[in-house]
Amino acid sequence: KAYLGMTAETDYIVKLGTTALASRLRRLLNRLLADGELVYKNLGIDFKIKWFPVLHLLANHSSMTVTEMAEALKMAHPSIIEISEDMKKEKLVISRFCCDDKRKREIHLTGKGRRLYSRLQPVWTAFKEAGADVNYEFDNDFLKAVGKLEAAIEKKSMHDRIISILEKNKNKKI
């Protein structure tokens, strides 16, 4: 069956079907990330896509701790730390100890970070419109399907699903 110009005859990952779900999603993600990085490069903007959620979140909050950002973005603490350290090197954020708990650090955007956020607004509007265009090609169901996939994985992880199937079929040799 042809899907987005890919057929099982010409695309091995498509041929594998749901067995290669993660591989197919990774390939799609890599394509989206590469296209996004190319947009920033062509516009002469020094911006890494992985900074987007942290920059956007901090621009809409005066400051946040790593824990607060991780919870808001549903990302792991080490990922938030890595992104914020990367952004700190570029002088987009600073961190300060919390006044009520010196073990915690609050992350703040710098003036440079706020200027970058402002500069990126028209670019992100274009990203939003391009995303809406793609969503329209899926009868406005793509984001709904992604949400359903996220909810299904949150309800029961792929790990748990796979282990459950393997246990059910434990008499079959692996």
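Residues numbered from 1 in each chain as written. Predicted model: local features only at pLDDT ≥ 70, side-chain atom pairs only at ≥ 80, totals over all residues. Heavy atoms only, no water.

Trainee: Mind laying out the pairing of strand β3 (residues 105-109), listing which residues take part and the relevant values?
Mentor: Sheet topology note: the strand β1 (residues 64-65)/β3 ladder contains 2 bridges and is antiparallel. Within β3, the position partnered with Met 64 by the bridge is Ile 107. In terms of strand pairing, strand β2 (residues 93-97) meets β3 through 5 bridges, oriented antiparallel. Each bridged residue has a counterpart across the sheet, and for Ile 94 the counterpart in β3 is His 108. (Pairing = 2+ DSSP bridges. Helix = DSSP H or I, 4+ residues; strand = E, 2+ residues; numbered from the N terminus.)

Trainee: Tell me what's going on with the packing of aromatic side chains, and back it up with residues and numbers.
Mentor: A ring pair, where both rings are aromatic, is described by two values, the distance of the centres and the angle of the planes. Scanning the model with the defined rule gives 6 aromatic pairs in all. Arranged with centres 5.6 Å apart and planes meeting at 70 degrees, the rings of Tyr 117 and Trp 124 form a pair that is edge-to-face. On the accessibility criterion, Tyr 117 (16% relative accessible area) is buried. Judged by relative accessible area, which is 10%, Trp 124 ranks as buried. (Phe/Tyr/Trp six-rings, centres within 6.5 Å; stacked < 30°, edge-to-face > 60°. Buried < 20%, exposed > 50% of the residue type's maximum accessible area, 1.4 Å probe, protein only.)

Trainee: Now, about helix α3 (residues 52-59): what can you tell me, with residues and values included?
Mentor: Of the positions making up α3, those classed as buried are Val 54, Leu 55, Leu 57 and Leu 58. Taken around the axis of α3, the buried residues stretch over an arc of 165 degrees, which confines them to a single face. Buried residues belonging to α3 abut β1, α4 (66-73), α5 (77-89), β2, β3 and α6 (111-137). (Arc of directions from axis to C-beta. Contact = heavy atoms within 4.5 Å.)

Trainee: Lay out the confidence of the model for the protein chain with the relevant residues and their values.
Mentor: Scored by pLDDT, the protein chain has a mean of 89; 92% of the residues are at 70 or more. The least confident element of the protein chain, judged by mean pLDDT, is helix α1 (residues 12-16) at 87; the most confident is α3 at 97. (pLDDT = per-residue confidence, 0-100.)

Trainee: How would you sum up the layout of surface pockets? Please name residues and give values.
Mentor: Taken as a whole, the largest pocket spans an internal volume of roughly 2,300 Å³. Those elements that place two or more of their residues in the lining of the largest pocket are α2 (21-42), α6 and α7 (142-155). Here the lining of the largest pocket gets 15 residues from one element, more than from any other, and that element is α2. Partitioning the lining of the largest pocket into residue classes produces 33 nonpolar, 6 polar and 9 charged. (1 Å grid on protein atoms, 1.4 Å probe; cavity = no way out; pocket = protein on both sides within 12 Å on 5 of 7 lines; lining within 4 Å. Points joined across faces, edges and corners; volume = space filled by probe spheres on them. Nonpolar A, V, L, I, M, F, W, Y, C, P; charged D, E, K, R; others polar.)

Trainee: Before we move on, can you summarise the pattern of salt bridges with the specific residues and values?
Mentor: Once their charged atoms are close, side chains differing in charge can pair, the charge on each being opposite to the other. With the rule as written, the count across this model stands at 7 salt bridges. When the shortest N-O distance is used, the salt bridge between Arg 31 and Asp 35 registers 3.5 Å. Placement of both Arg 31 and Asp 35 in helix α2 is noted, with a separation of 4 residues, approximately one turn of the helix. For the salt bridge of Glu 82 with Lys 50, the shortest nitrogen-to-oxygen distance reads 3.2 Å. Of this pair, Glu 82 sits in helix α5 while Lys 50 sits in the loop between α2 and α3, and the two are 32 residues apart along the sequence. Sharing partners across several salt bridges, the network here consists of Lys 48, Lys 50, Glu 82 and Asp 86. (Salt bridge = Lys/Arg side-chain N within 4 Å of Asp/Glu carboxyl O.)

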